[in-house]
Structure formats: C-alpha cells, structure tokens
Amino acid sequence: MHTPPDSTLYRQRRRRVMQAMGEGVMIIATAPEVVRNRDAHYPFRPDSYFWWLTGFPEPESVVVLVTGKRPRQYLFCREKNIEKEIWDGFRWGPKAARTAFGFDAAWPIEQLDRRMPGLLENQPVLFYVIGHDTAWDNRVTGWLNSVREKARTGVQAPASLTDARRLLDEFRLFKDDHELAMMRRAAEISADAHIRAMRASKPGVNEHEIEAELLYAFRRGGAEAPAYTSIVAGGANACILHYVFNNRPLNDGDLLLIDAGAEFSGYAADITRTFPVNGRFSPAQKEAYEIVLAAQAAAIAEVKPGNTWNAPHDAAVRVLVQGMKDLKLLKGRVDDLIESGAYRAFYMHRTGHWLGLDVHDAGEYKVDGEWRKLEPGMVLTVEPGLYIRPGEGVPRRLNNIGIRIEDDVLVTETGCEVLTAATPKTVAEIERLMARRHRR
Ligand code: GLY
Ligand code: MN
Ligand code: MN
C-alpha cells in the first residue's frame, strides 16, 4: 500500500538540480494543510516543486539540498506516531523515508529550526521560494540571522538569496519519461470523462449532473481529483470564461462547453470540448465550430521544435479572424483586424499555456525578451475559442454561442503528439457518439 516511488529517479532529479545550483543550499517546503471550515481540511495536495523533487506525499515536510565538497540531500518529515496513525493513517517517519525516497539523511520536522542554521553556514547562496508564504519567509530570516550572529567566530551567512523557482521551472518545463507516463494517464482518464459527459447530455439535464459524470470518471480512473475546477457551461454560460457555478439546466438547441481535466499523480490534463446538448449541431453552431476546429488544427500544426511559443497563437488568431469575417462578426482586412485587436471582442484569451504538475505550469514564455523556442519534452495546451455575446452588429443566429476546443500537446523531435487525441472532436465524431448514447 505504501509503495515508495522510484527513488533513483528522484535522487537523480535532485542531483541535476544541485549541479545547476553550482553552490549553495536549496530549501523547498511542501504545501501546508489548509483548514476549510472549523476542523475540516481541504484535501491535502503537495507543493508541486516539492513533489517534483521528492515524490514524498506527506504534509509537514521539507527537502534541503546542500552542495559543496560533500553534497547532501536531506528530508525533514513527521515522526512515526502510532496514536496519530490510528486516526489519520500511515506516516513514513524519517528512518523509513530516508531509504525509500533516496535521501542521505532524514530528520523529524521538529528539528528543522535547530539544524537549518548549521546547514547554511558558509554557504554563499540560499535558493528558496521567496515571498510565497510570509511565515516561511520569517522562519528563513530567523535562520539567516542566527548564522549572522556567529560572524565573529568566522562563520558566514549566505550573501545572496535566489528564487528557487527560476532554476526549478526550467527543469519542470521539460518532461521526462516518468512525467509523460503520468500525463498520458491523466489525459486518458480525462478523455474518458469527456466521453462520459457527452453520453450523459440531453435537454433537461442539469450542468451539475454532467459535472458528476466527470468526477465519477476521474475517481473511477484513479485520478486524485480534478486538476482545476471543472467548467460545465451550457448555452450563454459558455461565454463566461471561468464559469464554475455548474448549476443550470441544459436546453435543447444549446451548446455545452466542458473544460475539465483530471490530476493523476500530481499531473494535470486540461481538455475542453464543446458539443450540442441534443447531439446535433445547428447550422450556425456548426459553422462557428468548424472555424474554431480549423484554428486549433492550424495552431497544432505550428507545434514543433524551433517554432516560437507564439507561433501556434498567431496561427489560431489568423484562422479565427478570417472566420469572424465569414460569420459577419467583423469587417475589414484580416491583417488590420489582427493589428487593431478588434478580434478580441470574440477571442480574448491566449491559445495555450505550459502544462504539467500545475495546470498553468512552470516555465518562462519569453527568454531575453523574445518568445521562447519550442523544444522536445515541453507540453502545452492548444485552446482557441470563439465567444459571441449578443451585441451591436452580431447576427442573431450566433447569439450566445461559446466554443473552445482544447488539447494537450507534447513537443516531439519531429513535431508534436496530441496526448488527448482520444477525446472526440470533429462534428462527425461528436454526432456519431451522441447518436448512439441512448441506445446503450
Ligand atoms: N482550464 C484552465 C485553462 O484552460 O487554462
Ligand atoms: Mn482548460
Ligand atoms: Mn488550458
């Protein structure tokens, strides 16, 4: 039951980080347990950096990496406690955690304040997530001050403080085989969930009932939780980008936009599909849908090594703007409409983001002021959309159509691989699946 992860994998990750640090000490704490109300807690979810470095699942833990002549990897964690384990479940305890998770030493978390000043002595740099949590900031300042107090004995405190995120983000941006296996599983579970949702949709069903289908499929598939709050938006609700109320009945003739993804072993999937509640696209819905689908295809075609981060977005915008003209939402030359940003009335977000442990994952989008180049191992979403609120000059038949199509894409050596390709996407695929849904 308490299977440890592949400790070699995590040990090697930490070793690579230590090489990149050059010199100094890195301290990364996991997430705190958070009270929801009175004595009920939110489900615990480890800090993404900590999880990436350790695979260690318990709260109240800290990883410390010390470079130098004797490089050392330390874990601080909760002691074994039979009484507490009866109530709250298994704890590794430092002794077992040390070997199972590949550390040089592991100590009870209570010893952190006592041991940290010593570990910081004569280290030039402290790598730490600055400003994320005030209590931790104060604690780290306390350790630094206790090292400084020993200055007259010749001991030096770190002279510089570096944000650990800068360094770790670059690693997290490139997914290794283990991470890709987790992401493929998250994608697979999420694809099943979307199919389940399509099958359950019909006029009169409430958005929350469809959300329940998603949650069922996530947990059934072994995912811990949704990677973010699912958006189940029928009709006009699809034009509210972060609609999460999910409590309105679905109407005949409306589209349903679902943006939902599972989190598996910490890794997110992020899929959006838009389909007709009754299983058949109306002519207007189909016209708009085909434009977004074509925009997505154009964007995905730009996901390849050497292209910039922005290339898929530019490709999507160009197709969308031509589509807005065809739909008579906009008038003018495509280049001018792009230049002026007029298209933002109907497409106001960007075409994607990095994806990994966090749904909006770690990694810079620009390097030295220029859009970053895509490289193998990066995973990003491609999610163009079209959101048509009623307004001046908007043909009535298009009112309240909101469409987004989102897939998760891995950059490969030769181009890309769509990790979420199992989720039906063309008009024909969706209508075929939905036509069969009541005959099961
Ligand atoms: N579900 C969040 C996003 O698509 O960015
Ligand atoms: Mn999404
Ligand atoms: Mn997304």
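Above this text sits the structure in question.
Here goes a summary of the coordinates provided. Please read these numbers as outputs of a predicted model, since none were measured by experiment. (Residues numbered from 1 in each chain as written. Chains lettered and ligands numbered in written order. Predicted model: local features only at pLDDT ≥ 70, side-chain atom pairs only at ≥ 80, totals over all residues. Heavy atoms only, no water.)

1. A word on unusual backbone geometry
Piece 1. At N246, a position not held by glycine, the phi torsion is positive, near 50°.
Piece 2. Tracing the sequence through the fold places N246 in the loop between β10 (231–234) and β11 (255–260).
Piece 3. What makes N246 buried here is its relative accessible area of 1%. (Helix = DSSP H or I, 4+ residues; strand = E, 2+ residues; numbered from the N terminus. Buried < 20%, exposed > 50% of the residue type's maximum accessible area, 1.4 Å probe, protein only.)

2. What about the sheet that holds strand β9 (residues 225–226)?
Piece 1. Strand order in the open sheet formed by three strands is β9-β12-β13, with antiparallel pairing between adjacent strands. Only two strands of the sheet have a single partner each, and these edge strands are β9 and β13 (267–268).
Piece 2. The strands that helix α8 (residues 177–200) touches are β12 (262–264) and β13; relative to β12, the one it contacts most, it runs at about 145°. (Pairing = 2+ DSSP bridges. Contact = heavy atoms within 4.5 Å. Axes fitted to C-alpha atoms, helices over the stretch in contact; angles between N-to-C directions.)

3. Notes on the coordination of the manganese ion (ligand 2)
Piece 1. Protein coordination of the manganese ion (ligand 2) is provided by D259 (OD), D259 (OD), D270 (OD) and E406 (OE), with donor distances spanning 2.0 to 2.4 Å.
Piece 2. Around the manganese ion (ligand 2) sit six donor atoms; with metal-centred angles ranging over 57 to 169°, the donor geometry is irregular.
Piece 3. Along the chain, the residues that donate to the manganese ion (ligand 2) are spaced as D-x10-D-x135-E.
Piece 4. In this structure, the manganese ion (ligand 2) is positioned 3.3 Å from the manganese ion (ligand 3), and both are ligated by D270. (Donors = N, O, S within 2.8 Å, 3.2 Å for Na, K, Ca; no water. Tetrahedral: all angles 85-135°; square planar, octahedral: opposite > 155°, others 65-115°.)

4. As for a negative patch on the surface
Piece 1. Residues E33, E60, E79, D88 and E110 make up a contiguous surface patch of negative charge.
Piece 2. Topologically, E110 is positioned in the loop between β6 (105–108) and α5 (112–120).
Piece 3. Taking relative accessible area as the criterion, E110 reaches 60% and is therefore assigned exposed. (Patch = residues over 30% accessible without salt bridge, like charges linked within 9 Å, V, L, I, M, F, W, Y side chains within 5 Å. Areas by Shrake-Rupley, 256 points an atom, 1.4 Å probe, with all protein chains shown as cover. Salt bridge = Lys/Arg side-chain N within 4 Å of Asp/Glu carboxyl O. Lys, Arg positive; Asp, Glu negative; His and termini not counted. Charge placed at Lys NZ, Arg CZ, Asp CG, Glu CD.)

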